[in-house]
Every structure is written in structure tokens, then in C-alpha cells.
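# Tertiary structure, described
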Amino acid sequence: MNSCGRISCSDLKSGLNIVFSRVKPHTNCRRCSQAAPSLSRSLTSAAKPAPGPETGEKPRLRAIDLARRVQQERAKPPVAEPEKLSGQQKRVTELKRFSLQLQNVHPNVLAKHLHRAVLYRDKDVVVINKPYGVPVRDDSGVTSICSVLPVLSKMMDGMKIKSDSQLLPCLGLEKETSGALLLARSKEVAEHMLNLHRNNQVQRKYWAITFGVPVPSEGVIDIPIIEREVTGSQPHYKMALSPLFRMNDAGDGVTKVRAHRQAHPAVTKYRVLHSSSGCSLVELQPFTGVKHQMRVHMAFALTCPILGDHKYSHWSKLAPQRLPERVLGKLGLEQSKIRYLPLHLLARQLTVPGTCQTGISVSCPLPKYFTQTLNRLQLTLPDKKDDE
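Moving on: unusual backbone geometry. Note that the residue after V215, namely P216, is joined by a cis bond; omega there is 0°. Structurally, P216 can be placed in the loop between β5 (203-211) and β6 (218-222). For S277, which is not a glycine, the phi torsion comes out positive at approximately 55°. Along the polypeptide, S277 turns up in the loop between β11 (267-276) and β12 (279-286). One non-glycine residue, T303, lies in positive phi territory at about 50°. Under the relative-accessibility criterion, T303 is labelled exposed at 59%.

This is the structure in C-alpha cells:
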């Protein structure tokens, strides 16, 4: 064997010479004559073809083949161990997986998920825990809550073939908002719930994690909202404030302006539950139902945008939310990956007056991403008495 570990032809020849040199020359003795037939038989068997697929015998492994196999195993490059992800990379991967977990899934998969997420049910209404990123109504062909309600209704009735029950959404939630969603079991109940909502008899409380601490710590925002076009390199439309008052020219007071015809009245009550690390856990209670109302009021009226609100953190451009290094460090993210941070807005509590004295009051559990962010920012939950 040479220095490279290969078996050369000279080595094989020298080995064979050693073997044949040990064989004694033929003699006329009786013992040698008796050994001659056996030697001839062995030479005859060696002349036979090697066992293989034609003979049906299992081929024997030769020494040279074994040596080559060992050499090939040594020549293989070592298998690289999987690269260990850092805490920041794990955080980003988890947020990516979360934001896509129920988008564009099969309708039956979403229906089963919603069936497990039922928070309350009776003969008139059903309250489910709506997941993040799934629209309630959508005409673009993607899987939505409304598209799987017939399947969900059958699941709740035990998959009965003859089932006339139905589920209708009463109060919608935005695609990026998770939490308690009210469904009616008939058109009559749906209309009744809408009437209660118009008369402010349906109480909805939201929890939001905001970047910034609102001042004062609680109050009511009563500023109309209008949809405006944002011009520039990326023209787009955005909901904006349309105040009825503005500062006068002297700067020492306000003057009333005429309301815009297309502006919608918007009223939001807010209360800071806890603040830490430059962020806050805020309870929001909308009294009107304008599109993106709470997000606009928090971002533009209080200058405390909701965490993960990449639409209203900037007015003049479409870009991911920008956060300071201290908050990014707490969240375990880099600014280049902040676009994966979901909107931290949860429909926490739903209270509906019923035919009986008790009515319906449902509290929604916190999603995993919401709880993780609270822990990272060292924001504590309020006592149960304060939560009610």
C-alpha cells in the first residue's frame, strides 16, 4: 500500500509470490500424491466464474473492494452540523411562521381551528376567537371567516346532513386584529345585534401595546376621521384625522372649522393599564365603528402608534414601523426585520345585553405573540377587578 492508502499492482504481485513460494514442489511420495487431487480440485474451483447474479450466489467481498470502500469513506467531506440559530433569528422565524399559519389554508383546516376556538355559544349567538391575519369578509378568493361558516355550523351541529342552522357575522374585526368575534345563528338575531350596537349597548374593549406612553393616562378622543390620498413616490390612501378645531393664527387658542362632508364621527375611550420601557399596555373602547379608528387615534391624536402598525406609524410613506434601539433590543429584533412584527391589537372583552338579566360577557385569552411581547417589555397585566 502506498502513502496515499491505495493498493498497487506491485503489492498484489508480491503477495501472490509469497503464497506460491510456500507451496512445496511436487514429489513422488504417497502423501503428496494423495494431496494432488485435492489441489487440482481447488484449482478447478478457482477457475470457475465468480458468483454473481448469473449464478444466483451472493458475491463475496474482496479485500481490494473493502480497501477501496474504506478509502472512499475517508475521502468523504465531514457532514456539517446544522447552524445554530441565534435568539434573534429564532424570534424572526417564529413571527414569520405565526403570520402565515392560517393564511391561504384549506377551508376545512380553518373551520376546525375555529371550532376549537369557540369561546361562547347558545341558541342565538356564538363567540369565537378570531386568529390574526384572517379576514372576516373577503371578495378576493382567499380563505376568510365567512367562507367557512357553513362548514363550522355543521361541525357545531355534529355534522348532521339535515341542518338548517347558519352563522352570520354581526360585528366585524379587521384582518390584523385578533380576539372575540360575535356570530349570530339567524338573520333576525343578527339584525337585533346590529341595532344594539348602533345604540351603544354592545360594549367592546380592546387591548393594545403602544410605542409611547399616552398623556394624559386616560381620556376620550373625539376627532372625526376621513380617508385622504397621500401623494409622493408611493401614492396611496390612508385614514386621517379631520378635526373640528385648529390653532388660531396667534397660537394662544383654537378656532372652530367647518366639518368635512366626508368625515366620519369617531370617538374612542382609552386608559393606560401599565407602561414600561417606553411602551404601554392600553385599554381601548370605541364608541363608533370607523375604519381603522383606534389605530388612527393612537398614532395621530396621541402620537403613540400601536406596536406592529406599519401603516399608520408614518404619514407620508409606506414603510415598516421604526423603533429605537432600546425597544428593538427588548423585542429581540433588528430594524431590518421589524416588518414581521404583527399588529398588537386584541379584541379582549365583549359584553352583550341578553334577554335575561345576566346577558353575555366573554373575555378572550391573550395570543402567544401578545404575551411574549408583554414579557419582553416588562408590561404587567392588570388585576382581574381592573380588567372588568
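Judged by nonpolar contacts, the single largest core of 73 residues is most densely connected at L182 and L284. Examining the composition of this core, we find that 6 residues originate from one element, helix α6 (residues 145-156), more than from any other. Leave out the neighbours within four places in its chain, and L182 touches V125, V126, V127, L168, P169, C170, L171, M193, L350 and V352. Grouped together as the second largest cluster of nonpolar side chains are 7 residues, I225, A266, V296 and A299 included.

The residue E218 is located in strand β6 in this model. For E218 and V282, which are 64 residues apart along the polypeptide, the C-alpha to C-alpha distance reads 9.1 Å. For E218, the residues in contact, after removing those within four places along its chain, are Y270 and R271.

A few words now on the packing of aromatic side chains. Counted under the stated rule, the structure contains 4 aromatic pairs. Seen from their ring centres, F300 and W315 are 5.9 Å apart, and the 85° between their planes marks the pair as edge-to-face. Placement of the pair is F300 in helix α8 (residues 293-301) and W315 in the loop between α8 and α9 (325-331), with a sequence separation of 15 residues. Of the residues examined, F300 reaches a relative accessible area of 25% and is grouped as partly exposed. Judged by relative accessible area, which is 34%, W315 ranks as partly exposed. Each member of the aromatic cluster is reached from another via a ring pair, and the members are Y132, Y369 and F370. When the ring centre of Y312 is taken as origin, the NZ or CZ atom of K311, which lies over that ring, is 5.9 Å away.

Okay, the pairing of β11 next. Across 5 bridges, β6 lies against β11 in antiparallel orientation. Note that in β11 the partner of V220 across the bridge is K269.

Relative to the elements of secondary structure, M193 occurs in helix α7 (residues 187-198). In the structure, M193 is positioned 68 residues away from V125 in sequence and 9.5 Å away in space, judged by C-alpha atoms. Setting aside residues up to four positions removed in sequence, M193 forms contacts with V125, C170, L182, V202 and V352.

Between helix α5 (residues 107-116) and α6, whose axes approach to 9 Å, the crossing angle comes to 60°. By the criterion of interaxial angle, the relationship of α5 to α6 is oblique. For the element pair α5 and α6, the recorded crossing hand is right-handed. Contact with α5, carried on its side by P107, N108, L110, A111, K112, L114 and H115, involves I145, V148, V151, L152, M155 and M156 of α6 and no other residues of that element. Taken together, the residues of the contact of α5 with α6 break down into 10 nonpolar, 2 polar and 1 charged.

What follows concerns the pattern of salt bridges. Across all of its chains, the model carries 5 salt bridges by this definition. Its salt-bridge partner being K123, residue D124 comes within 3.2 Å of it at the nearest N-O pair. You can call K123 exposed: its relative accessible area is 70%. Here E174 ties to R295 by a salt bridge, and the two come within 3.4 Å at their closest N and O atoms. Residue E174 is located in the loop between β3 (168-171) and β4 (178-184), and its partner R295 is located in helix α8; the two are separated by 121 residues in the primary sequence. Here the residues in one salt-bridge network are E174, E176, R295 and D309, joined through shared partners.

Conventions adopted
Residues numbered from 1 in each chain as written. Predicted model: local features only at pLDDT ≥ 70, side-chain atom pairs only at ≥ 80, totals over all residues. Heavy atoms only, no water. Helix = DSSP H or I, 4+ residues; strand = E, 2+ residues; numbered from the N terminus. Buried < 20%, exposed > 50% of the residue type's maximum accessible area, 1.4 Å probe, protein only. Core = buried A, V, L, I, M, F, W, Y, C linked by side-chain atoms within 4.5 Å. Contact = heavy atoms within 4.5 Å. Phe/Tyr/Trp six-rings, centres within 6.5 Å; stacked < 30°, edge-to-face > 60°. Lys NZ or Arg CZ within 6 Å of the ring centre and 35° of its normal. Pairing = 2+ DSSP bridges. Axes fitted to C-alpha atoms, helices over the stretch in contact; angles between N-to-C directions. Parallel < 35°, antiparallel > 145°, perpendicular 65-115°, else oblique. Left-handed = near helix turned anticlockwise from the far one by under 90°. Nonpolar A, V, L, I, M, F, W, Y, C, P; charged D, E, K, R; others polar. Salt bridge = Lys/Arg side-chain N within 4 Å of Asp/Glu carboxyl O.

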